[in-house]
Amino acid sequence: MSTEALIQVIASGLLMGLIYALIAVGLSLIFGLMDVVNFAHGEFLMVAMYATFGLWLVSGIDPVLLAPAVTALLFVMGALVYLGIVRYAMRAKANIGMVQIFATFGLAILIQGLSQYFFTPDYRSISNTWLGGHTLNVFGVYLPWPQIYGGVISVLVFGGLYLLMSRTDFGRALEATREDQGAVALVGIDRNRVFALGWGLGAALVGIAGAVLAIFYYIHPQVGATFALIAYVTVALGGFGSVFGALVAGVIVGLVEALTAVILPSSLKAVGVYALYLGVVFVRPSGLFGRL
Amino acid sequence: MTSAVLPNSVLANENAFASRRRNQLIIAGLIFAAVAALPRFVTDVYMQNVLILTLMFAALSQSWNILGGYCGQISLGHALYFGVGAYATTVLFVKYGVSPWFGMLAGGAMSAVLALALGWPCFRLKGHYFSIATIVIAEIGLLLVHNWDYLGGALGIQWPFGPDNWATLQFARDKIPYFYFALGLFIVTWLVTYFIEESRWGYWWRAVKDNPEAAASLGVTVFESKMAAAAISAFFTAIGGAFYAAFVAYIDPESVMAFRFSLLMALPAVLGGIGTLWGPAVGAAILIPITEITRSYAGGGGSGLDLIIYGTLIMVVALAKPEGILSIFRRSAKSENAS
Amino acid sequence: MSAEPILKVENVTRRFGGLVANSGVNVEVRQGEILGLIGPNGAGKSTLFNLIAGAFPPSEGKFIFEGKDITNLSAPRRCQLGIARTFQVPKSFDTMTVIENVIVGGFVRHPGAAAARRAALEVLDFAALSHRANSPASELTPPEKRRLEVARALATQPRLLLLDEVMTGLTPSEARLGVDLVKRVRDQGVTVVMVEHVMEIVMPLVDRAVVLDLGRVLAEGTPAEVVRDPRVITAYLGERHRAA
């Protein structure tokens with residue numbers, strides 16, 4: 001394999017990895033906040049992709065400009081899912097882990113059904129966009145513009161997240177809530193409000209990812225499931241609850257997937273990622289940056 | 001603490017317990033007999049099919065319940081063991097002419113060994129980390145089978161057509177024998193659970209689920225307990241997979257190893273009551289007919305209505321009855337005692 | 001009482017990262033006695049207790065139980081040999097009933113469920129919990145939960161019973177019942193080591209006391225000797241000052 005081809009693989013893997021990190025970070029954030037794994041995370045992504053598609057279809061506005069609207073929509077959806085479902089799942093006295101898993105699984109199936117009902121199981125795609133189909137040639141390495149756009153957005157979002165967590169009152173409230181839920185009540189933070197905002201934020205993050213993916217990926221009711229497992233692996237690899245871990249793990253996942261595809265048939269490219277993930281958690285059961 | 005004379009309270013408690021166990025067995029016998037009579041009244045082939053699937057998932061969920069419900073290790077990768085059972089039986093029968101009865105046991109044994117090999121690293125993981133590892137391992141299995149030509153790859157393997165025969169487990173004309181096989185499998189898994197429940201493993205598993213640290217201090221070998229539960233659970237799951245292969249007579253990776261099978265094995269137990277003797281059966285009796293019937297009547301043309309009903313049902317039960325449907329009866333029994 | 005101690009703690013040190021929780025601890029527990037392990041907060045009592053029970057290994061040193069080196073044995077293995085413990089924060093099996101909790105412990109001595117159940121019923125009788133046998137453990141009151149902890153440990157038929165602050169948070173009348181239970185356990189020939197923070201309860205009950213401070217053994221002897229020891233008074237006074 002030539003050096004150029006290798007650079008090509010690494011560059012594509014890196015960009016895809018940044019997008020994976022963007023998909024996964026909301027999941028990790030919600031888990032860090034309240035120890036809940038959202039098994040409908042992939043379906044949040046799917047909703048964001050359909051929202052982008054639907055808005056584009058109706059308005060003809062380019063998906064790049066639609067991203068803020070989709071993000072806001074997902075924020076509202078995340079907060080509502082917390083207030084309408086997850087809040088009640090957390091009240092269970094028995095089997096609380098199971099209740100969370102299956103309440104969010106049920107939601108995932110419901111969302112799949114709804115999207116099939118409204119959009120049919122057909123594969124959709126957005127055509128004639130500013131970025132779609134265009135590539136950037138850097139000394140013989142071809143990079144598709146949608147992926148470059150996704151990578152840049154991902155870096156910006158992680159930068160913004162860092163500022164949010166460290167510089168704002170909301171970030172500190174999030175941090176306080178995840179440190180000690182009992183103390184939070186004492187200092188007068190409304191837990192429900194923080195949790196609802198946290199779910200909103202987590203969903204908004206995956207909303208951005210969906211608005212990016214919709215440009216270059218087929219949209220169908222099962223598309224969430226395709227990315228969900230990668231997101232869970234990314235979060236578990238980085239360590240549940242760690243924002244920085246999600247970024248590092250996302251990039252690793254993207255690179256390993258791209259390199260595996262060189263060695264094995266592309267239908268097996270995920271196997272490399274899964275094997276790496278298993279290797280890591282068997283040595284470090286809480287992931288690379290997880291709290292033990 | 002060995003006293004020559006037992007207090008009366010001890011004997012009374014022992015007698016009450018023994019009669020409760022005996023009654024459970026008698027009631028179970030009556031229920032099994034009633035179910036066995038069902039084909040006399042259900043003559044519609046479609047409904048017979050639903051009954052067979054219900055019994056099969058009751059048995060599968062009963063097997064899942066051993067590891068997930070009693071021992072508290074939430075596996076979401078049992079499709080792997082189901083697939084091993086289905087493929088082992090199919091390959092041995094189709095390629096080598098080995099009786100499915102033997103293939104079934106071979107698949108069960110392979111699954112049990114696989115569960116032990118995977119349990120070695122996986123049981124170090126806790127909570128969600130464990131569950132996600134099980135999903136990932138099952139997914140690796142699915143991808144490998146997809147790309148494994150010997151196992152038919154993505155195309156899968158077709159069972160040859162033969163005469164209706166218990167020896168080869170093939171019944172093309174009349175599905176009733178499958179009904180009895182599935183019922184038999186469910187009864188076996190129920191009895192295994194019934195007897196293990198009142199044994200060292202049964203108590204140790206529940207202790208491991210509730211508090212592994214306290215369990216270890218009481219002499220419970222936590223790791224070995226989990227391994228035993230995993231092996232038994234995987235064995236019967238594979239038997240279920242072998243049955244399914246014979247029943248549908250055609251398998252491919254998606255039809256026996258997809259993630260939804262892992263979910264379908266866990267859900268009935270969760271729905272009915274996790275870690276209980278009848279939870280999986282009650283859950284399957286509700287969930288499977290609804291799934292099948294909505295799929296046939298509402299799922300036509302991929303409208304998604306079946307998924308909407310199914311998803312809502314799961315959510316509502318998880319939120320409204322976290323301890324499962326059976327907990328309704330347990331609560332009323334308790335208040336009777338109190339009054 | 002035989003001359004050979006039932007448990008010897010030899011030069012045990014335990015570090016957590018940079019923190020030294022126990023340093024060069026030597027303790028001998030005599031056959032059939034009630035030994036109090038006392039000391040101010042953060043003295044290393046709980047660490048030593050967990051080390052004896054096998055919850056985690058020591059950084060250095062050895063544990064000899066009935067002449068056998070048990071340093072490298074797991075908690076379940078130590079339980080089989082005859083060491084049982086309770087937890088400071090009760091860890092009952094909350095999806096199980098009271099009797100089922102106790103049966104779990106019985107399986108170390110009885111392979112069959114019927115024998116384990118019978119033994120559990122007898123233990124419940126002994127611990128005055130028979131009337132609660134079929135209640136879910138989650139519904140017990142805090143003092144009942146502490147008695148369940150003791151009953152569960154007794155079901156393993158220990159020769160050495162480790163009690164971790166079983167009297168803490170009890171009312172005086174509940175504490176009297178607790179003291180009575182501990183004495184009856186000892187009368188069965190079980191050696192008892194109890195960690196307690198409340199001196200007033202422990203001192204009349206124990207045969208000997210070991211005082212820990214800052215991870216080391218500060219003093220050792222009969223309760224009367226120990227409370228007169230100026231170093232012990234200083235350690236406890238110091239704590240009162242810290243607490244104030």
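Cut-off values and rules
Sequence order as written defines residue numbering, which begins from 1 separately in each chain. Written order determines the labels here, with chains lettered from A and ligands numbered from 1. With pLDDT at 70 or above as the cut-off, local features in this predicted model cover only qualifying residues; side-chain atom pairs require 80 or more to be listed or tallied, and sums for whole chains, interfaces and linings still use all residues. What counts as a helix is a DSSP run of H or I of at least four residues, what counts as a strand is a run of E of at least two, and both are numbered from the N terminus. The globule rule used here is 2.2 Å times the number of residues to the 0.38 power, and the radius of gyration it is set against is calculated over C-alpha atoms. The exposure scheme places C-beta atoms from the backbone and then counts, for each residue, the other C-beta atoms within 10 Å of its own, assigning buried at 20 or more, exposed at 12 or fewer, and partly exposed in between. By the convention used here, strands pair only if DSSP detects at least 2 bridges between them. By the convention adopted here, residues make contact when the C-beta atoms placed from their backbones lie within 7 Å. Here the term charged refers only to Asp, Glu, Lys and Arg, the term nonpolar to Ala, Val, Leu, Ile, Met, Phe, Trp, Tyr, Cys and Pro, and the term polar to all other amino acids, Gly among them. To estimate how far a helix should extend, the number of its residues minus one is multiplied by 1.5 Å. Interaxial angle, 0 to 180 degrees, is taken between N-to-C directions of lines fitted to C-alpha atoms, where a helix line uses only the stretch in contact.

Trainee: Would you mind going over the overall build of chain A in detail, with residue names and values included?
Mentor: Across its full length, chain A carries eleven helices and two strands. Its helices and strands taken in sequence order, chain A reads α-α-α-α-β-β-α-α-α-α-α-α-α from the N to the C terminus. On C-alpha atoms alone, chain A measures out to a radius of gyration of 19 Å, which is about the 19 Å that the 2.2 N^0.38 rule sets for 292 residues. When its C-alpha atoms are laid out on the principal axes, chain A stretches across 60 × 50 × 35 Å. Taking all 292 residues of chain A together, the buried fraction comes to 51%.

Trainee: Tell me what's going on with the pairing of strand E3 (residues 34–38) of chain C, and back it up with residues and numbers.
Mentor: All names here are of chain C. Counted residue by residue, E3 has five buried out of five residues, so it is predominantly covered. The two faces of E3 match: Ile34, Gly36 and Ile38 on one face and Leu35 and Leu37 on the other face are all buried. In the sheet, E3 pairs with strand E8 (residues 191–195) via four bridges, with the strands oriented parallel. Across the sheet, the residue bridging to Gly36 is Met194, located in E8.

Trainee: Go over the interface of chain C and chain B, please, and point to the residues and values.
Mentor: How large an interface is tends to be reported as the accessible area lost when its parts come together. Counting residues at the interface gives 33 residues for chain C, matched by 27 residues for chain B. Contributions of two or more residues to the side of chain C that touches chain B are made by helix H2 (75–81), helix H3 (98–106) and helix H4 (113–126) of chain C. For the side of chain C that touches chain B, the per-class residue count stands at 18 nonpolar, six polar and nine charged.

Trainee: Explain helix H4 (residues 96–119) of chain A residue by residue, including any values.
Mentor: Residues and elements named next belong to chain A. Compared with an ideal rise of 1.5 Å per residue, which puts 24 residues at 34 Å, H4 spans 34 Å between its outermost C-alpha atoms and is within 8% of the ideal. Summarising burial for H4: 18 of the 24 residues are buried, a large majority. Downstream of H4 by one or two residues, Thr120 has phi in the positive range, about 60°.

Trainee: Describe the sheet that holds strand E4 (residues 60–65) of chain C, listing the residues and the values that go with them.
Mentor: Residue and element names in this part refer to chain C. Within the open sheet, the four strands sit side by side as E2-E1-E4-E5. Their pairing is antiparallel. The open sheet terminates on both sides in strands that have one partner only, identified here as strand E2 (19–29) and strand E5 (68–69). Docked against the sheet, helix H1 (residues 45–53) engages strand E1 (7–16), E2 and E4, running at close to 65° with respect to E2.

Trainee: Can you break down the sheet that holds strand E10 (residues 216–221) of chain C residue by residue, with the values?
Mentor: Residue and element names in this part refer to chain C. Strand order in this open sheet of six strands is E6-E7-E8-E3-E9-E10, and the pairing throughout is mixed. Edge strands, defined here as strands with exactly one partner in the open sheet, are strand E6 (83–85) and E10. When strand polarity is set aside, the average angle formed by the axes of neighbouring strands in this sheet is 20°. Here five bridges tie strand E9 (residues 208–213) to E10, and the two strands are oriented antiparallel to one another. Paired with Asp213 across the bridge in E10 is Arg216. Lying on the sheet, H1 is in contact with E3, E6, strand E7 (160–164), E8 and E9; it crosses E7 at an angle near 150°.

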